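For reference, the chains in residue letters:
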Amino acid sequence: MTVLAVSALLVLSGCATDEPTTGASGSPSAGTGSGTGEQSKFFVRADYDKQLALLDATPTGPAGKPWEQALNPEMVETAKFKKPGPYKICFSNAGLNNPWRQVGFKTMRAEVDTHRGRISEFVHVDAEGKDQKQIADINDLLGKGCHALIVSPNTTATLTPAVEAACRKGLPVIVFDRGVDTTCPVTFINPIGGYGFGHVAAEFVSQKMKAGGKVLALRILPGVDALETRWAAAKIAFDKAGVDIVGVEFTDGDPARTKKIVNDYIQRYGTIDGVWMDAGAVAGAAVEAFEDAGKPVPPINGEDQLDFLKLWKDKKLTAIAPTYPTYQWRTPIIAALKILDGEQVPNPWKLPQPTITRDNLDEYVDPTMPPLHYAMCGCTDLPGYPRRWK
Amino acid sequence: MRIARPPRLLTFRSGGLAPILVILAVLLILLTARQPDFLSPPSLMSFLGRSAPVVLLAAGQYFVIVSGELDLSVGSLVTAQVVIAARLIDGDPSAGRPVAVLLLAFGIAVGLVNGLVTTLLRVPSFITTLGMFLILVGAVYLWSDGAPKGGLSEEFRRLGRSAFEDLPVLGRIPYALVVLLAAAAAALVLTRSDFGRTLVAVGGNPRTAELSGVRVWRAKTMAFVLSSVAATLAAVLIGGYSGVSFQAGAGLEFGAITAAVLGGVALGGGRGSVVGAMLGALTLETLFTLMNFYGVSGALRPTVQGAIILLAVAAASFRLPSR
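For clarity, every value in this text was computed on a predicted model and none was experimentally measured. (Residues numbered from 1 in each chain as written. Chains lettered and ligands numbered in written order. Predicted model: local features only at pLDDT ≥ 70, side-chain atom pairs only at ≥ 80, totals over all residues.)

Details of the overall build of chain B
Our working rule: In DSSP terms, a helix is any run of H or I states spanning at least four residues, a strand is any run of E spanning at least two, and both are numbered starting from the N terminus. The globule rule used here is 2.2 Å times the number of residues to the 0.38 power, and the radius of gyration it is set against is calculated over C-alpha atoms. Here the C-beta atoms are placed from the backbone, and a residue counts as buried if at least 20 other C-beta atoms lie within 10 Å of its own, exposed if 12 or fewer do, and partly exposed otherwise. Think of it this way: build a C-beta for each residue from its backbone, and any pair within 7 Å is a contact.
Of the regular secondary structure elements, chain B holds 13 helices and 2 strands. Taken against the 2.2 N^0.38 rule, which gives 20 Å for 323 residues, the C-alpha radius of gyration of chain B at 19 Å falls within 12% of a compact globule. Each principal axis of the C-alpha atoms in chain B carries an extent, and together these give about 55 × 50 × 35 Å. Burial analysis of chain B (323 residues in total) assigns 51% to the buried set. Residue pairs in contact within chain B that sit at least 24 positions apart in sequence constitute 79% of those at least 6 positions apart.

Written as structure tokens, this is what we have:
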């Protein structure tokens, strides 16, 4: 019964995040109670330093189109892939199993529609969050005469051999979002990353609250690299600011559990001076817990999902929303066409990772869009907006 | 079957309420030692309000367990109901009532399927309801493309989130608590009725019950329907409390079973009381709150639930011969 209970919980919570569930066996290193405890097993100092430096870098590329921009680009030659069009572009997708990927994929299809003259066929295969299916998918696509292959890997280590096999076929391979352990793809596209996200949120929360105040950190689940890096960076920022972390709790992305946890902490400590979250999904629930307890909502971070942005605007919260932008789904299509034209592309292609603050909040709040839509989709200029995303 | 006698509450007869009351009292003492104002009205009311869904599910689970079966589908039914409600209401305040009726009908249908498959097709309820659990999880997933759509209206959420405000002494009474008290009263009446006694007889010894003219399949099917209705009510409260999410009902079936077992309801049927099951749920929630206040990681919850089930079942079988 226990085993069943635990595995059922795991199954049910498995789709809670928009980040890769790598098979890494990292255990939760976060201490509960006070203090931030020891650093996460996923922490890599060099990556952390690199990402923080990128936060201040000025992107190159067309203004107002962050999906075409790159941070500190190093260009690679692609002349050997030059071919006359129109092209058949194939996409092996890790899954469509959360709102982030749903919004992203709609954005990608719309991007394809803007190149209808040059892309004759766009083949999409959904691996439904399964490594084995994605390995088979990539293998199948290799026999389908694709001119370019886009891969959004489900997990890093397991998908690496499949991506390497695709590279050996000689067609240009483009990887985005989650990475692979090989340099054989022509380019790897993703935004700055988890350290940047966690750092921006933690700095904001610690600056906006009184010195030495009590912070509650809410995390989705342990052992997922993209989420671990967010927490690892936040830990450093909080320790530097001398903040009192009264709790680090896992919510499983469950709003009810989030509300209960926050409610418990409010009762236990009387006031909580700041809330840090590793993902925005349950930020609304955390805010509600303060409201229902009749307490002012402390400085908090969310993400660019519209339910949170609306709440932020309506309740005039002290808030910030770092993003993991869904506009990155446009870039692989643009990259594929450039590569097939023989144009140089950046590798790695690091996209800017904008933060929504009080100053630019109004640009992103759109009450007509659904609550789980991601505002940083860069999709407002695409065909079919807004109907396609509703 | 015995006639209830007044002092029964205080004896340690198996299935009696004394053990769970003692455990609850000890936990409350520990909790107030750590957090003196836990029992102050505002904090207590908020605790009772947010515990209401689990207590409801435990009451529903009581009917199924006492009849000798098990209902593993309630958690996924809660999730399904919340996701369905969000998609159908989609922020429209006037859609609340018709959707609530629809949810009730859906709940009853799920209970009927669980009950009829278990009784008429003779599939063990463990398997039937596990199957229902998977069907509901998969169907909801498919129907919503992996991400809940729409949203619940403020009106629909009021039942789970709001309260009677500015009352003397208590301050505020959550609507959820009122719903719970009404449901608890109804459950108590049901257990005292012929149906309630029949159900215990069916769980205690189905063969004897059958031979004495009880339609076992009907009693058991009713029990599953009651459990599903309780889950529907819980879904309305949970959806109200925290809004739409795929996680809404995650793990609740085990919470409900643990609560019932903790409250002295014997797995396998025939013994226990609905009040015990509901007190079990409150005790479990108190325990989790206590764990939080003492800084124990929330990740230990499933482990604690599992341990309780094992211990309670072991304890029950230990005292079985003295019945």
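Considerations on the overall build of chain A
Secondary structure assignment for chain A yields 12 helices and 14 strands. For chain A, the C-alpha radius of gyration of 21 Å lies close to 21 Å, the compact-globule estimate for 390 residues. With respect to the three principal axes, the spread of C-alpha positions in chain A is 65 × 50 × 35 Å. Evaluated residue by residue, chain A yields a buried proportion of 58% over its 390 residues.

Remarks on the domain arrangement of chain A
Operational definition: Start and end positions for the domains come from either an automated domain assignment or a database one.
Per the domain assignment, the segments of chain A are domain 1 (26–52 + 194–322) and domain 2 (63–191 + 326–351). Here domain 1 of chain A and domain 2 of chain A have C-alpha centroids that lie 32 Å from each other.

Considering the nonpolar core
The following threshold applies: What makes a nonpolar core is a set of buried Ala, Val, Leu, Ile, Met, Phe, Trp, Tyr and Cys residues, with links drawn between C-beta atoms within 7 Å.
Core analysis: the largest hydrophobic core is formed by 113 residues, its most contacted members being Ala148, Leu149, Ile174 and Ala286 of chain A. The greatest single-element share of this core, amounting to 8 residues, is contributed by helix α7 (residues 225–241) of chain A. Counting contributing residues, this core receives three or more from each of domain 1 (26–52 + 194–322) and domain 2 (63–191 + 326–351) of chain A. One finds Ala176, Ala256, Leu284 and Leu287 of chain B within the second-largest nonpolar core, a separate group that totals 91 residues.

Considering the pairing of strand β7 (residues 214–219) of chain A
Residues and elements named next belong to chain A. Quick reminder of the rule: Should DSSP find at least two bridges between two strands, the strands are taken to pair. A right-handed crossover is one whose linking path, passing over the helix from the first strand to the second, runs clockwise when the strands point away from the viewer.
Taken across its 6 residues, β7 has 6 buried, putting it largely inside the fold. Of the two faces of β7, the one carrying Lys214, Leu216 and Leu218 and the one carrying Val215, Ala217 and Arg219 are both buried. Where β7 lies against strand β8 (residues 244–250), 6 bridges are found, and the strand directions are parallel. Within β8, the position partnered with Leu218 by the bridge is Glu249. The parallel pair β7 and β8, bridged by α7, forms a crossover whose chirality is right-handed. In this structure, β7 lies alongside strand β9 (residues 274–277), joined through 4 bridges in parallel fashion. By the bridge assignment for β9, Ala217 is matched with Trp276.

Some words on the sheet that holds strand β13 (residues 349–351) of chain A
As a general point, the strands of a sheet are linked pairwise by backbone hydrogen bonds and lie either parallel or antiparallel. Residues and elements named next belong to chain A. Keep this limit in mind: Every axis in this analysis is a line fitted to C-alpha atoms, fitted for helices over the stretch in contact. Angles between the N-to-C directions lie between 0 and 180 degrees.
Spatially, 6 strands are ordered β3-β2-β4-β5-β6-β13 in an open sheet, and the strand pairing comes out parallel. Each having just a single partner strand, β3 (119–126) and β13 make up the two edges of the open sheet. Neighbouring strand axes in the sheet, compared pairwise and without regard to direction, differ in orientation by 15° on average. Here helix α4 (residues 131–142) sits on the sheet and contacts β2 (87–93), β3 and β4 (148–152); the angle it forms with β2, its principal contact strand, is near 170°.

Description of unusual backbone geometry
The general pattern is negative phi for most residues beyond glycine and trans for most peptide bonds. All names here are of chain A. Cis geometry marks the peptide bond from Gly85 to Pro86, where omega comes out at -5°. Locating Pro86 in the fold gives a position in the loop between β1 (75–76) and β2. A cis amide bond links Tyr385 to the next residue, Pro386, at an omega of 0°. Relative to the elements of secondary structure, Pro386 occurs in the segment after α12 (361–364). Backbone geometry places Asn72, a non-glycine residue, at a positive phi of 40°. Overall, the presence of 14 C-beta atoms within 10 Å leaves Asn72 in the partly exposed class.

Observations regarding the pairing of strand β5 (residues 173–176) of chain A
All names here are of chain A. Residue alternation in β5 divides its side chains into two sets, Val173 and Val175 and Ile174 and Phe176, and both sets are buried. Summarising the sheet, β4 and β5 pair through 3 bridges and their orientation is parallel. Within the sheet, the bridge partner assigned to Val151 lies in β5 and is Val175. At this point the chain moves from β4, through helix α5 (residues 156–168), to the parallel β5, and the crossover so formed is right-handed. Note that β5 and strand β6 (residues 187–191) share 3 bridges and pair parallel. Bridging across to β6, Val175 finds its partner in Phe188.

Quick look at the confidence of the model for chain B
Residue and element names in this part refer to chain B. To be explicit about the condition: Along the chain, pLDDT gives the predictor's confidence residue by residue, from 0 to 100.
Per-residue pLDDT for chain B averages 88, and the proportion of residues at 70 or more is 92%. Within chain B, the lowest mean pLDDT, 80, falls on helix α13 (residues 301–319), and the highest, 96, falls on helix α4 (residues 96–119). Below pLDDT 50 for its whole length, residues 1–13 participates in 12 contacts with residues either more than four positions away or in separate chains. Complex prediction metrics read pTM 0.77 and ipTM 0.72.

Remarks on helix α8 (residues 255–269) of chain A
Residues and elements named next belong to chain A. For clarity, the cut-off: Each residue after the first adds 1.5 Å to the expected span of a helix.
The first and last C-alpha atoms of α8 sit 21 Å apart over 15 residues, in line with the 21 Å expected at 1.5 Å per residue. Most of α8 is tucked away, with 13 of its 15 residues classed as buried. Positive phi appears at Gly270, one or two residues downstream of α8, with a value of about 80°.

With respect to the packing of helix α8 (residues 194–204) of chain B against helix α10 (residues 216–242) of chain B
All names here are of chain B. Rules: Roughly parallel means an angle under 35 degrees; roughly antiparallel, over 145; roughly perpendicular, 65 to 115; everything else is oblique. Classes in brief: Ala, Val, Leu, Ile, Met, Phe, Trp, Tyr, Cys and Pro nonpolar; Asp, Glu, Lys and Arg charged; the others, Gly included, polar.
Look at α8 against α10: their axes get within 10 Å of each other, and the N-to-C directions meet at 110°. Overall, the two elements α8 and α10 adopt an arrangement that is roughly perpendicular. Side by side, α8 and α10 meet where Phe195, Thr198, Leu199 and Val202 of the first sit next to Val216, Ala219, Lys220, Met222 and Ala223 of the second. Class assignment of the residues belonging to the contact of α8 with α10 gives a composition of 7 nonpolar, 1 polar and 1 charged.

Concerning the environment of Leu282 of chain B
Residue and element names in this part refer to chain B. You can see Leu282 is positioned in helix α12 (residues 274–293). Judged by the 23 C-beta atoms lying within 10 Å of it, Leu282 falls in the buried class. As for Leu282 and Thr191, which are separated by 91 residues in sequence, their C-alpha atoms are 20 Å apart.

A word on the packing of α8 of chain A against α10 of chain B
Inclusion rule: Throughout, a crossing is termed right-handed when the near helix is turned clockwise from the far one, and left-handed when it is turned anticlockwise from it by less than a right angle.
Where α8 of chain A contacts α10 of chain B, the axes come no closer than 9 Å and their chain directions differ by 60°. Taken together, the axis directions place α8 of chain A and α10 of chain B in an arrangement best described as oblique. The interaxial crossing formed by α8 of chain A with α10 of chain B has left-handed handedness. Residues Pro255, Ala256 and Lys259 of chain A of α8 of chain A form the contact with α10 of chain B, whose participating residues are Ile238, Tyr241 and Ser242 of chain B. Of the residues in the contact of α8 of chain A with α10 of chain B, the class split is 4 nonpolar, 1 polar and 1 charged.

Description of the environment of Gly115 of chain B
Residue and element names in this part refer to chain B. Position of Gly115 among the secondary structure elements: in helix α4. According to the C-beta neighbour criterion, Gly115 is buried, with 29 such atoms within 10 Å. Residues Gly115 and Leu279, spaced 164 residues apart in sequence, show a C-alpha to C-alpha distance of 26 Å. Once residues within four sequence positions are removed from consideration, Gly115 is found in contact with Lys220, Thr221, Phe224 and Val225.

Digging into the confidence of the model for chain A
Considering every residue of chain A, the mean pLDDT works out to 87; 91% of them sit at 70 or more. Low pLDDT, under 50, characterises residues 1–34 of chain A; the stretch is placed with 87 contacts to residues that sit more than four places away or in other chains.

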